Amino acid sequence: MTIAVYPASFDPITNGHLDVAQRAARLFDTLILAVADRPNHKTPLFSTEERIAMMREAVAHLPNVRVDAFRTLAVEYADQQQATVLVRGLRASTDFEHEFQMAHINHRLAADIETVCLMADQQYTFLSSSAVKEIAAYGGDVTNLVPPHVAAALRRVYDQRKEATR
Ligand code: ADP
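No experiment lies behind these values; they were computed from the predicted model shown.

Draft legend 1. View of the pairing of strand β2 (residues 30-36). Within β2, 7 of the 7 residues are buried, leaving the element largely enclosed by the surrounding structure. The two faces of β2 match: T30, I32, A34 and A36 on one face and L31, L33 and V35 on the other face are all buried. The parallel pair strand β1 (residues 3-8) and β2 is bridged by helix α1 (residues 15-27), and the resulting crossover is right-handed. Alignment of β2 against strand β3 (residues 65-70), held across 6 bridges, turns out to be parallel.

Draft legend 2. Quick look at the pattern of salt bridges. This model, assessed by the stated rule, comprises 5 salt bridges. The closest approach of N and O atoms between R71 and D37, which form a salt bridge, is 2.8 Å. On the criterion of sequence distance, the pair formed by R71 in the loop between β3 and α3 (74-80) and D37 in the loop between β2 and α2 (48-58) is long-range, its members being 34 residues apart. Overall, the relative accessible area of 62% leaves R71 in the exposed class. When its relative accessible area of 18% is taken as the criterion, D37 is described as buried. When the shortest N-O distance is used, the salt bridge between D95 and R91 registers 2.7 Å. Overall, R91 belongs to the partly exposed group, its relative accessible area being 35%.

Here is what the cut-offs are and how they apply
- Residues numbered from 1 in each chain as written.
- Predicted model: local features only at pLDDT ≥ 70, side-chain atom pairs only at ≥ 80, totals over all residues.
- Heavy atoms only, no water.
- Buried < 20%, exposed > 50% of the residue type's maximum accessible area, 1.4 Å probe, protein only.
- Helix = DSSP H or I, 4+ residues; strand = E, 2+ residues; numbered from the N terminus.
- Right-handed = clockwise from strand over helix to strand, strands pointing away.
- Pairing = 2+ DSSP bridges.
- Salt bridge = Lys/Arg side-chain N within 4 Å of Asp/Glu carboxyl O.

Below is the structure:
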């Protein structure tokens, strides 16, 4: 039985992440979407709990996928979960440099854990959580980029911020 972990910020989960998750769920027996809970890093837009709730709703139709948070190195977390695979997505050559470096570092840290990169679907190669936040912050339409409940959460957050600055 192969357990895979897809570690990321998911701030918030996009249709690009979801596409990778759906495809990875077909390749492995169990897939864990693991939210990086990094208290010392720059503040995310959504709290860890909010990100987890949005992700759970987004993958509710995938029986072999679960959502969790981690505060350690990704390989340490994978090891704790008895996972042997780290899943990542590759959008473009810019992702490649970063993913290549991460995969080698992780291999040095834990040689028994393999990184498997899935190519981004053509329609999502431009899609990132930061682009989605940028569009939503200016009131733009993100309905084709994220699940409907995530689009609603983004609208809520930015509407509240607008209200607060009035
Ligand atoms: P982090 O900021 O922790 O890298 P992200 O949530 O931005 O987290 O992305 C995590 C992983 O998901 C990376 O491997 C990234 O390449 C991949 N990813 C992000 N967006 C997409 C997308 N649109 N299509 C495919 N993979 C993606």
